[in-house]
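# Close look at the chain arrangement
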Amino acid sequence: MRKNWLLIVAGSLLTTGIWAQAPSRFDGPNPSGPQPDLGWIQPVGPPLYDNGATDGTNGYSNGTAAAVGVNRFLLDDFVVPGSEIWEVLDYTWTHVWNSLSPPQGTGVSFEIVADAAGMPDIGTVIGTANVTTYTEVATGNIFFSRPEAESFAAFDPIILASGTYWFQMQILGPENNFYLVRSTVTGNELWVNYVDEAGLQSGTAQFGVAADLNFRLGGNIIIPAELVGFEVE
C-alpha cells in the first residue's frame, strides 16, 4: 500500500511539473511560411479599433489553470480619441491551439483596465465583459503547422471616455492556446501576466522582443451632444 501511495505522489509531482513547463511561445520562425491576410471574417461592421492582423512571427500562450496548469493572461493597449466616447461591444482576434483544430474555445475572460504611464494598471478595472456570444472559426491559414482560428466575442456595453486603456484576456478552452502576434507595435508593446513566470511584465521582459497582439474592437461611437445628463463611470 505504501509503495502504491508513493507511486501516486510521484505521478502527481510529474504531472505538476509538466503543467508548469507548458510552452509560453513557439521556438524559431514560423515553418508554415507567410500566409495570406484574409481580413476579419466575422460578420460585423466597421471596427472602433483595429490593431492589425498577425504577421506570423510568433504565438504567445494564454489559457486557464485547467487548460495550461496555471493562469496565463495577455494584455495590449488601445486609445479612445479625445473627441469620442465609445460603447465597446465586441472583440475579435486570431490564434492557434497547441494540438487541436478549431473550434475548441468556449469563451473568453476579457476586462479593460487603466493605463499607468504606458503600463497596464490591472488593479484599476474599468469594465469586465459579460460575454453573451462566442464564436470560433477556422480561417484557412496555417501558422506553426497549426490551423489558425478567428474568435469573436460579443458582450454587454462597456462605456469608455477618451484616453488610453488596456485589455487583459484569457481564452477558455481545453488546452494551451497561442495568441498570434505581430512584430509591428502600435502604441505600447503587449504585456503578459503569467502566474508561473514573473507575473505582470512587458513582452520584451518575458520574451526578449517587443510585439503586439492582433485584435479588433467593435461597437459604437457615442456622440457627446447626445449625452445630456449622461455620466461615464
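Further up the page is the structure itself.
The structure contained in this document is the topic of the report that follows. Model, not experiment: these values are computed from the prediction.

### Some remarks on the overall build of the protein
The helix and strand tally for the protein stands at three helices and 14 strands. Considering the protein as a whole, with its 233 residues, one finds that 46% of them fall into the buried category. Of all intrachain contacts in the protein linking residues separated by at least 6 positions in sequence, the fraction that spans at least 24 positions is 81%. When the accessible surface of the protein is summed, it comes to about 10,800 Å², and 57% of that surface belongs to carbon and sulfur atoms.

### A few points about a nonpolar patch on the surface
Residues L38, I41 and V137 make up a contiguous nonpolar surface patch of roughly 220 Å² in combined accessible area. In this fold, V137 is placed in strand β7 (residues 131-143). Given a relative accessible area of 31%, V137 falls into the partly exposed group.

### Comments concerning the side chain of T54
Of note, T54 is situated in the loop between β1 (49-50) and β2 (59-62). Under the relative-accessibility criterion, T54 is labelled buried at 14%. Among the polar contacts made by the side chain of T54, one reaches the main-chain amide nitrogen of G56 at a distance of 3.0 Å. A polar atom in the side chain of T54 sits 2.5 Å from the backbone oxygen of V181. Setting aside anything within four residues of it in sequence, one finds T54 in contact with T94, F143, E148, L180, V181, R182 and N214.

### Topic: the pairing of strand β8 (residues 146-160)
Sheet analysis places strand β4 (residues 85-97) next to β8, joined by nine bridges and oriented antiparallel. In the sheet register, H95 faces β8, and the bridge partner there is A149. Relative to β8, β7 runs antiparallel, the two sharing nine bridges. Counterpart to T133 in the pairing with β8 is A154.

### Considerations on the packing of aromatic side chains
If you walk through the whole model with that rule in mind, you get 17 aromatic pairs. Measuring from centroid to centroid gives 4.2 Å for F26 and F144, while their planes differ by 20 degrees, and the two rings are stacked. Remark: F144 occurs in the loop between β7 and β8 and F26 occurs in the loop between α1 (2-20) and β1; sequence separation between them is 118 residues. Under the relative-accessibility criterion, F26 is labelled buried at 9%. Ring-pair connections join several aromatic residues into one group, and the members of that group are Y49, F78, W86, Y91, W93, F110, Y134, F155, Y165, F167, Y179 and F215. The side chain of R72 reaches across the aromatic face of Y194, ending 5.2 Å from its centre.

### Describing the nonpolar core
Counting residues in hydrophobic clusters, the biggest one holds 34 residues, and the most contacted among them are F78, Y91, F110, F167, M169, Y179 and F215. Looking at this core, the elements that each hand over two or more residues are β3 (72-80), β4, β5 (107-115), β8, β9 (163-172), β10 (177-182) and β11 (191-194). When residues in this core are grouped by element, the largest group, five residues, is from β4. Ignoring any residue separated from it by four or fewer positions in sequence, one finds F215 in contact with W40, Y49, D50, N51, G52, D76, D77, F78, Y91, T92, F167 and Y179. Core analysis: the next-biggest nonpolar cluster, separate from the first, contains six residues, F26, V96, F143 and F144 among them.

### Quick word on the sheet that holds β3
Sheet architecture is open: six strands sit in the order β6-β5-β9-β3-β11-β12, paired in antiparallel fashion. The open sheet has two edge strands, β6 (120-128) and β12 (199-202), and neither has a second partner. Neighbour-to-neighbour, the strand axes of the sheet open up by a mean angle of 35 degrees, direction not taken into account. Where β5 lies against β9, eight bridges are found, and the strand directions are antiparallel. From the neighbouring strand, F110 faces β9, where its bridge partner is M169.

Quick notes on the rules
Residues numbered from 1 in each chain as written. Predicted model: local features only at pLDDT ≥ 70, side-chain atom pairs only at ≥ 80, totals over all residues. Heavy atoms only, no water. Helix = DSSP H or I, 4+ residues; strand = E, 2+ residues; numbered from the N terminus. Buried < 20%, exposed > 50% of the residue type's maximum accessible area, 1.4 Å probe, protein only. Contact = heavy atoms within 4.5 Å. Areas by Shrake-Rupley, 256 points an atom, 1.4 Å probe, with all protein chains shown as cover. Patch = residues over 30% accessible without salt bridge, like charges linked within 9 Å, V, L, I, M, F, W, Y side chains within 5 Å. Salt bridge = Lys/Arg side-chain N within 4 Å of Asp/Glu carboxyl O. Polar contact = N/O pair within 3.5 Å; in protein donor to acceptor, adjacent residues only side chain to side chain. Pairing = 2+ DSSP bridges. Phe/Tyr/Trp six-rings, centres within 6.5 Å; stacked < 30°, edge-to-face > 60°. Lys NZ or Arg CZ within 6 Å of the ring centre and 35° of its normal. Core = buried A, V, L, I, M, F, W, Y, C linked by side-chain atoms within 4.5 Å. Axes fitted to C-alpha atoms, helices over the stretch in contact; angles between N-to-C directions.

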